[in-house]
Amino acid sequence: MRRYKLTDCLALTLAVSVYGSTLWAESGAMKPEPKRPEGVQTQWAIAPEGGEAPTTAYPEGTLLQKDITLPAGTLLPGGAVLPQSPAEAAPTDAPMSRSAVDLDAATGVPYISGGIGVSGREEMEGVKSKFNLRLLFAVKGSGAYLADVKVRIDDAAGPTLLTAVAQGPWFYADLAPGSYVLTVDNAGQTQSRDIQVPATGAVEQSFYWTD
C-alpha cells in the first residue's frame, strides 16, 4: 500500500480546485470583467423601455441641449453637463447691451425707454441705477401707462441736449449735474418743468394726462 505525504495531498487538492474553477468560468457561470483600454472615455446611454440594450451612447462630458427631454429612469454619469437652469440664469439687474441704449444724435446724451409688459418693466428696473433722470408717463386717474411721448431736455442756459420719443411709459437719461428744462408732449398736450439733476443720486418725475 502506497503512502502519500501531506504535501502530495495539498497539491492534489489545489489542482482539483483550479481545474473546477476553470470549467465553471468556461461554462458561462463566471466571466471575467473586461478591462477598458487606456484612453477610452466612459460611455453612458439612455436605456429604452422594454429592457432592451441602450441604442444611444454619449461620451462622458457630453453637453445636453437646452429643453431636451430624457426618458424616465435615465442615469446620468459624473461628467454630464446639464443646461443652465432658470434659477441660475443671469439676474435682472445685469447690464443691458450697448445696443439697447440710445444716444442723442447731436449731443451724445445716453437715454433709454421702454417698460411695456412685465419683461419690459423688469429690464428697465434692472438698469435704472445707471441713469440719473427717470420719467414716468401715465393717464391721470386710471394710471394706465402711455407711450410715444415726445421728450425734450434743454440746458437751463439754452441749448437743447436731447430730443426723443419714448417707446414706453418709462424714460431714463444720464445727464451731467445741473439745471434743465424738461418738456414732454403727449398727442399735442405739452407739459414743462424745471429740474435739478444732483451730483449723486437721481431725480424722478411723473407726468399724467387726462383721457
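Not measured: the values here are computed from a predicted model.

K.L.:
What exactly am I supposed to notice about the overall build of the protein here?
P.N.:
Scanning the protein from N- to C-terminus turns up two helices and eleven strands. Ordering the α and β elements of the protein from the N terminus gives α-β-β-β-β-α-β-β-β-β-β-β-β. Per-residue burial for the protein yields a buried fraction of 27% across its 211 residues. Here the analysis covers contacts within the protein between residues at least 6 apart in sequence; of these, 48% occur between residues at least 24 apart. Accessible area for the protein stands at about 14600 Å²; split by element, carbon and sulfur atoms hold 55% of it.

K.L.:
I'm lost on the sheet that holds strand β9 (residues 178-186) in this one. Help?
P.N.:
Note on sheets: strands pair through backbone hydrogen bonds, and any given pair is parallel or antiparallel. Spatially, β7-β6-β9-β10 is the arrangement adopted by the four strands of the open sheet, whose pairing is antiparallel. In this open sheet, the two edge strands, each paired with only one partner strand, are β7 (160-165) and β10 (189-197). Within this sheet the neighbouring strands show an average axis-to-axis angle of 15°, counted without direction. Both β9 and β10 contribute to a ladder of nine bridges, which runs antiparallel. Residue pairing across strands places Val181 opposite Asp194, the latter belonging to β10.

K.L.:
Which parts of the structure should I look at to understand the nonpolar core?
P.N.:
Here is a general trend for soluble globular proteins: nonpolar side chains tend to be buried in one another's company. Phe137, Val151, Ile153, Leu162 and Phe171 are the most contacted members of the largest nonpolar core, which totals 25 residues. Residue assignment for this core shows that the elements contributing at least two residues are β5 (133-139), β6 (150-155), β7, β8 (170-173), β9, β10 and β11 (203-209). Ile153 has contacts with Leu133, Thr160, Leu161, Leu162, Ala173, Leu175, Tyr180, Val181 and Leu182, leaving out every residue within four places of it along the chain.

K.L.:
How should the confidence of the model for the protein be read in this particular structure?
P.N.:
For any part of a model where pLDDT is low, the fine detail of the predicted coordinates should not be relied upon. For the protein, per-residue confidence averages 74 on the pLDDT scale, and residues scoring 70 or more make up 53% of the total. Considering only residues more than four positions removed or in separate chains, one finds that residues 39-45, a stretch of pLDDT under 50, has 24 contacts.

Thresholds applied
- Residues numbered from 1 in each chain as written.
- Predicted model: local features only at pLDDT ≥ 70, side-chain atom pairs only at ≥ 80, totals over all residues.
- Heavy atoms only, no water.
- Helix = DSSP H or I, 4+ residues; strand = E, 2+ residues; numbered from the N terminus.
- Buried < 20%, exposed > 50% of the residue type's maximum accessible area, 1.4 Å probe, protein only.
- Contact = heavy atoms within 4.5 Å.
- Areas by Shrake-Rupley, 256 points an atom, 1.4 Å probe, with all protein chains shown as cover.
- Pairing = 2+ DSSP bridges.
- Axes fitted to C-alpha atoms, helices over the stretch in contact; angles between N-to-C directions.
- Core = buried A, V, L, I, M, F, W, Y, C linked by side-chain atoms within 4.5 Å.
- pLDDT = per-residue confidence, 0-100.

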